[in-house]
Amino acid sequence: MRPEPAWAGGWLTIDLGAVVANWRALQDRVAPAECAAVVKADAYGLGVERVAPALAAAGCRSFFVAHLGEGVQLRPLLPRGCAIHVLNGIPPGADAAFAAHRLLPVLNSLEQVSGWQALAAAQGRRLPAALQVDTGMSRFGLAPEEVRAALAASASIDIRLLMSHLGCADEPEHPANESQLGRFAEVASLLPGTPSSLAASSGLFLGARYHREMVRPGAALYGVPPNAARPNPMRPVVRLQARVAQLRAVPEGAWVGYGAGYTARRPSRIATLGVGYADGFLRAGGDAGAASLPGGGPPLPIVGRISMDSLAVDATALPDAALREGDALDLIGPHRPLEDAARAAGTIGYELLTSLGHRYHRHYLPEHGEPG
Ligand SMILES: *Cc1c(COP(=O)(O)O)cnc(C)c1O
């Protein structure tokens, strides 16, 4: 199989139909709660310019990014009615930029509450925001005991959402989940009638009590399994293929790659693929991962150290005619799930996705119509 263009070192295929199907499946699962979409970090590396409009067209109305700059980039990509929340809060002096771009800051401290309140008062209007409370993760948000003070100091703030974030939701039995839910419910009772949101991808699989009025998945939309111990209910979104840049026959005893990190134990056929750690194919992966033919077949182990622009696989298991220079091999695909590639690289699907980088030739499958 030879994808176009033939000169690419690697091809990244992103299935927007699968992203939309994943969002719809989660929205159905949590209804009547609202399913928002987290599109921070360039939609987890997959391209916010393509992913966010596809989700908006499917009916998604609430979006989350991490930084002000991401919100500024996202605003013109979405219909006017869509809400954009900025998770990391308001950096000092940035209040006016949030208002100018119609972004909802997630207020994470009393200082941010009073800054936003001061801007609203100065502009003589109510300004919308989300309020975050820390229920145990010690990362972002007001301490629960600060919430009364925040409410007292926010007369001109239209609090559209109360939120918090779970730290251990990928471990359903972890006692922190119940404890965070309990603390969150206590704080939410101080703001009756205000929608609240606690769960992200893993949390929304903990049951309806965690759904509140809104859930905020990111990773699950992009095909990452919400619980590593269970079968993945999400559709895969990403396929990563690498071009065979060179094929060589090497004798027993030949070594491969930097540091002579691998030695052939038998006469071998080594394929050099045009994807390396500069493409986010992490060097720590070493010889634990594998490639496969696009149609399946035996795993072809990655051998030797991963270089910046290439990696080597041992293709000896294939008949010679099955692989030629210029052909594509899958590094992530139907026979090499994202999670397996991530595990081999000593990491998780989240990190592998957000590392993938921009050197691949990107190909988007449309959100409507047959994947092909
Ligand atoms: C990143 C993030 C999310 C999305 O998390 P996933 O595990 O990718 O679903 C939701 N909420 C907050 C506060 C986040 O930082």
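Residues numbered from 1 in each chain as written. Predicted model: local features only at pLDDT ≥ 70, side-chain atom pairs only at ≥ 80, totals over all residues. Heavy atoms only, no water.

### Examining the site of the ligand
Link 1 in the chain: Near the ligand lie 14 residues; those nearest to it are K40, Y44, S201, G218 and Y350.
Link 2 in the chain: One nitrogen or oxygen atom from the side chain of R216 is found 3.1 Å from a nitrogen atom belonging to the ligand.
Link 3 in the chain: Between the ligand and Y350, the relevant distance is 2.6 Å, taken from an oxygen atom to a side-chain nitrogen or oxygen of the residue.
Link 4 in the chain: Its free accessible area being 390 Å², the ligand has 91% of it covered by the protein chains. (Near = heavy atom within 4 Å. Polar contact = N/O pair within 3.5 Å; in protein donor to acceptor, adjacent residues only side chain to side chain. Areas by Shrake-Rupley, 256 points an atom, 1.4 Å probe, with all protein chains shown as cover.)

### Some words on the packing of helix α1 (residues 16-30) against helix α3 (residues 48-58)
Describing two packed helices takes the angle between their axes plus the distance from one axis to the other.
Link 1 in the chain: One way to put it is that α1 packs onto α3 with a least axis distance of 10 Å and a crossing angle of 45°. One finds that α1 runs oblique with respect to α3. In terms of crossing hand, the pair formed by α1 and α3 is right-handed. Of the residues in α3, those touching α1 at L16, V19, V20, W23 and R24 are R50, V51, A54, L55 and A58. (Axes fitted to C-alpha atoms, helices over the stretch in contact; angles between N-to-C directions. Helix = DSSP H or I, 4+ residues; strand = E, 2+ residues; numbered from the N terminus. Parallel < 35°, antiparallel > 145°, perpendicular 65-115°, else oblique. Left-handed = near helix turned anticlockwise from the far one by under 90°. Contact = heavy atoms within 4.5 Å.)

### Quick look at the domain arrangement of the protein chain
Reports often express the size of an interface as the amount of accessible area lost when the parts come together.
Link 1 in the chain: Taken as a whole, the protein chain is organised into domain 1 (16-222) and domain 2 (238-365).
Link 2 in the chain: Measuring from the centre of the C-alpha atoms in domain 1 to the corresponding centre in domain 2 gives 38 Å.
Link 3 in the chain: Across the boundary between the two partners, domain 1 contributes 11 residues, which contact 8 residues of domain 2.
Link 4 in the chain: In total, domain 1 and domain 2 occlude about 880 Å² of area from one another, counting both sides; carbon and sulfur atoms represent 60% of this.
Link 5 in the chain: Taken together, the links from domain 1 to domain 2 amount to 0 salt bridges.
Link 6 in the chain: On inspection of domain 1 and its partner domain 2, the count reaches 4 residue pairs in polar contact (both at pLDDT 80 or more).
Link 7 in the chain: Counting residues per element, the ones that place at least two in the side of domain 1 that touches domain 2 are α1 and α2 (40-44).
Link 8 in the chain: The biggest single contributor to the side of domain 1 that touches domain 2 is α2, with 3 residues.
Link 9 in the chain: Split by residue class, the side of domain 1 that touches domain 2 holds 6 nonpolar, 3 polar and 2 charged. (Domains from an automatic or database assignment. Buried area = accessible area lost by both parts, 1.4 Å probe. Salt bridge = Lys/Arg side-chain N within 4 Å of Asp/Glu carboxyl O. Nonpolar A, V, L, I, M, F, W, Y, C, P; charged D, E, K, R; others polar.)

### Brief notes about α1
Along an α-helix, residues three or four positions apart point the same way, because every turn accommodates 3.6 residues.
Link 1 in the chain: Given a rise of 1.5 Å per residue, 15 residues ought to cover 21 Å, and the 21 Å separating the end C-alpha atoms of α1 matches this to within 8%.
Link 2 in the chain: Inspection of α1 places L16, G17, A18, V19, V20, N22, W23, L26, Q27 and V30 among the buried residues, and these make up the whole buried set.
Link 3 in the chain: Tucked inside the fold, the buried residues of α1 contact β1 (10-15), β2 (34-35), α3, β10 (214-215) and β19 (361-365).
Link 4 in the chain: The N-cap residue of α1 is D15: its side-chain oxygen and the backbone nitrogen of G17 are 3.0 Å apart. (Expected span 1.5 Å × (residues − 1). Buried < 20%, exposed > 50% of the residue type's maximum accessible area, 1.4 Å probe, protein only.)

### Some points on the side chain of S292
Link 1 in the chain: Looking at where S292 falls in the secondary structure, it is placed in strand β15 (residues 290-293).
Link 2 in the chain: What S292 contacts, discounting residues up to four positions off in sequence, is P298, L300, L329, D330, H335 and R336.

### Re the pairing of strand β6 (residues 104-107)
Link 1 in the chain: Along β6, one buried face is formed by L104 and V106 and the opposite face, lined by P105 and L107, is buried too.
Link 2 in the chain: Across 2 bridges, strand β5 (residues 83-86) lies against β6 in parallel orientation. Paired with H85 across the two strands is L104, which belongs to β6.
Link 3 in the chain: Of the strand pairs in this sheet, β6 and strand β7 (residues 127-132) are connected by 2 bridges, and their pairing is parallel. (Pairing = 2+ DSSP bridges.)

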